[in-house]
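Commentary on secondary and tertiary structure
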Amino acid sequence: MIITSYILMIIGAIFLALGGFGVFRMPDVYNRIQAGTKATTLGAFALILGVGFAEPSWFLKIALIIVFIAITNPVGSSTLARAAYKSGVSATLLQKQKEGEDK
Amino acid sequence: MKKTISTFLVLLAIWVLLTGFNWMEVVLGAAVSLVLAIIISRFVNYSFGFGIILGLIKFIVIYIPVFIFKLVLANIDIAYRVLSPKLPINPGIVKVPTKLKSDFGKFVLANSITLTPGTLSLDVEDDEVIVHWVNVKGKTSGEHQSRISKTFEKLLGGIVK
Amino acid sequence: MIINIIVFSLVGVGVLFALIRLIAGPTAFDRVVGLDTLNIIITATVVLLALVLKNELYLDIAIVYAVLSFLETILFARFLEGRR
């Protein structure tokens, strides 16, 4: 039981670190949103589940936090991406500009 | 009336989840939820009957395992793209048609697209989802649909409308 | 314990990179993306603190923090969308 919790916690922490690194490394806004959202969602799931395995009496609140993150995190990043799309940040345009600078 | 009862049940469920199960707490929560439900029920636009229990069980048993499997795949994909030194990405924006009609169905579909490999839903216009894709493959919108949302459409079509 | 040190240093790496993006981001959208990522990492860290300090109260703090960070992201997105 406690071993499962430790493994889940380490996996979660690795994915959280990857999420931060992805936000740092990706070249434009949409790709940053993708890397940030996906990696941190799974990382938070795994870390919080690990805590739930270590203290089984906290089960209800842990489940509430996980469901809440699963619903709100994609909605938040979709809203942000929609705002970027509506104000005219174009993914392909940025990519072409970057290629032009590289030549 | 139906709206008021639905709102009351949702609020009471959230209260019990937050405070834990204890008779005093549940009675107090029921009183607070009743007052709140009467006040806010004219602003909400949903209601449900007994059919929702069956729908919820179907949703948990059929949909959630596929979703979690796809989420893990998405993360391995994104980890590979972030960590490989050449950044293998080819981003673009595509439109994907959908057959789902209800708002809740579109909401779940858009959330699923956001959390599956390489795609991010930007906006929903009538029956099209605008999707940003890290690594665009294929030319026509049918081809895009079969790569992005076919599994979820098929699964969700049997559960919500 | 060794496990806490490993987990907290990995989370710290994530916080560091998200913070760099928050400070250095070329446009306002990049900053908000960094802030959003930072918020989720902090929510998970507060849950972890509940385990380390053996105190259930931190779970309530994590719930409230998650609600507030969601509202914050939505608010910033709406603001930037309206500004053009």
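These numbers come from a predicted model, not from an experiment.

A closer look at the overall build of chain C
Looking only at helices and strands, chain C has three helices and zero strands in total. Start at the N end of chain C and walk to the C end: the helices and strands fall as α-α-α. For 84 residues, the compact-globule formula gives about 12 Å, and the C-alpha radius of gyration of chain C, at 15 Å, lies well above that figure. Over its C-alpha atoms, taken along the principal directions, chain C stretches across nearly 50 × 25 × 10 Å. Counting all 84 residues of chain C, 45% fall into the buried class. For chain C, the proportion of contacts with a sequence separation of at least 24, taken over those separated by at least 6, is 46%. A total accessible area of about 4300 Å² is found for chain C, and carbon and sulfur atoms account for 75% of it. In chain C, the 6 positive side-chain charges and the 6 negative ones have mean positions that sit 10 Å from each other.

Re the interface of chain C and chain A
Listed as interface residues are 44 residues of chain C and, on the opposing side, 44 residues of chain A. Regarding the contact of chain C and chain A, the summed buried area is about 4000 Å², with carbon and sulfur atoms giving 80% of it. Across the pair Lys54 of chain C and Glu55 of chain A runs a salt bridge whose closest N-O atoms are separated by 3.4 Å. Counting the contacts that link chain C with chain A gives five residue pairs in polar contact (both at pLDDT 80 or more). Listing elements by their share of the side of chain C that touches chain A, those giving two or more residues are helix 1 (2–24), helix 2 (28–53) and helix 3 (57–83) of chain C. By residue number, the principal contributor to the side of chain C that touches chain A is helix 2 of chain C, which donates 15 residues.

As for the packing of aromatic side chains
Applying the stated criterion across every chain, the model contains two aromatic pairs over all chains. Centre to centre, the rings of Phe21 of chain A and Phe17 of chain C are 5.0 Å apart; their planes meet at 65 degrees, and the pair counts as edge-to-face. With one member in each of two chains, Phe21 of chain A in helix 1 (residues 2–25) and Phe17 of chain C in helix 1 form a pair that bridges those chains. Within the aromatic cluster, the residues linked to one another by ring pairs are Phe21 and Phe24 of chain A together with Phe17 of chain C.

Observations concerning a nonpolar patch on the surface
Side chains of Ile52, Ile53, Leu56, Ile57, Ile60, Val61 and Ile62 of chain B sit close together on the surface and give an oily, nonpolar patch of about 640 Å² of accessible area. Position of Val61 of chain B relative to the elements: it lies in helix 3 (residues 51–83).

Comments concerning helix 1 of chain C
With 23 residues, helix 1 of chain C should cover 33 Å at 1.5 Å per step; its first-to-last C-alpha distance of 33 Å lies within 8% of that length. Looking only at helix 1 of chain C, the buried set comprises Ile3, Asn4, Val7, Val11, Gly14, Phe17, Ala18 and Arg21 of chain C. As for helix 1 of chain C, its buried residues are in contact with helix 1 and helix 2 (29–54) of chain A together with helix 2 of chain C.

Some words on the domain arrangement of chain B
Annotation of chain B at the domain level lists domain 1 (2–40) and domain 2 (55–157). Domain 1 of chain B and domain 2 of chain B are separated by 35 Å when their C-alpha centres are compared.

Some remarks on the environment of Leu8 of chain A
Residues and elements named next belong to chain A. Relative to the elements of secondary structure, Leu8 occurs in helix 1. Each C-alpha atom of the pair Leu8 and Phe53 lies 9.0 Å from the other, and the pair is 45 residues apart in sequence. When sequence neighbours within four positions are dropped, the list of residues in contact with Leu8 reads Ala46, Leu47, Leu49, Gly50 and Phe53.

Notes on the sheet that holds strand 2 (residues 119–125) of chain B
Residues and elements named next belong to chain B. Sheet architecture is open: three strands sit in the order 1-3-2, paired in antiparallel fashion. The strands lining the two open edges of the sheet, one partner per strand, are strand 1 (92–97) and strand 2. Recorded for the sheet is a direction-independent mean angle of 25 degrees between the axes of neighbouring strands. Pairing of strand 2 with strand 3 (residues 128–133), which is carried by six bridges, proceeds in the antiparallel orientation. In the strand pairing of strand 3, Leu120 is matched with His132.

Concerning the confidence of the model for chain C
Scored by pLDDT, chain C has a mean of 88; 99% of the residues are at 70 or more. For this predicted complex, the interface confidence score (ipTM) comes to 0.85, while the overall pTM stands at 0.82.

How each quantity is defined
- Residues numbered from 1 in each chain as written.
- Chains lettered and ligands numbered in written order.
- Predicted model: local features only at pLDDT ≥ 70, side-chain atom pairs only at ≥ 80, totals over all residues.
- Heavy atoms only, no water.
- Helix = DSSP H or I, 4+ residues; strand = E, 2+ residues; numbered from the N terminus.
- Rg over C-alpha atoms; globule rule 2.2 N^0.38 Å.
- Buried < 20%, exposed > 50% of the residue type's maximum accessible area, 1.4 Å probe, protein only.
- Contact = heavy atoms within 4.5 Å.
- Areas by Shrake-Rupley, 256 points an atom, 1.4 Å probe, with all protein chains shown as cover.
- Lys, Arg positive; Asp, Glu negative; His and termini not counted.
- Charge placed at Lys NZ, Arg CZ, Asp CG, Glu CD.
- Buried area = accessible area lost by both parts, 1.4 Å probe.
- Salt bridge = Lys/Arg side-chain N within 4 Å of Asp/Glu carboxyl O.
- Polar contact = N/O pair within 3.5 Å; in protein donor to acceptor, adjacent residues only side chain to side chain.
- Phe/Tyr/Trp six-rings, centres within 6.5 Å; stacked < 30°, edge-to-face > 60°.
- Patch = residues over 30% accessible without salt bridge, like charges linked within 9 Å, V, L, I, M, F, W, Y side chains within 5 Å.
- Expected span 1.5 Å × (residues − 1).
- Domains from an automatic or database assignment.
- Pairing = 2+ DSSP bridges.
- Axes fitted to C-alpha atoms, helices over the stretch in contact; angles between N-to-C directions.
- pLDDT = per-residue confidence, 0-100.

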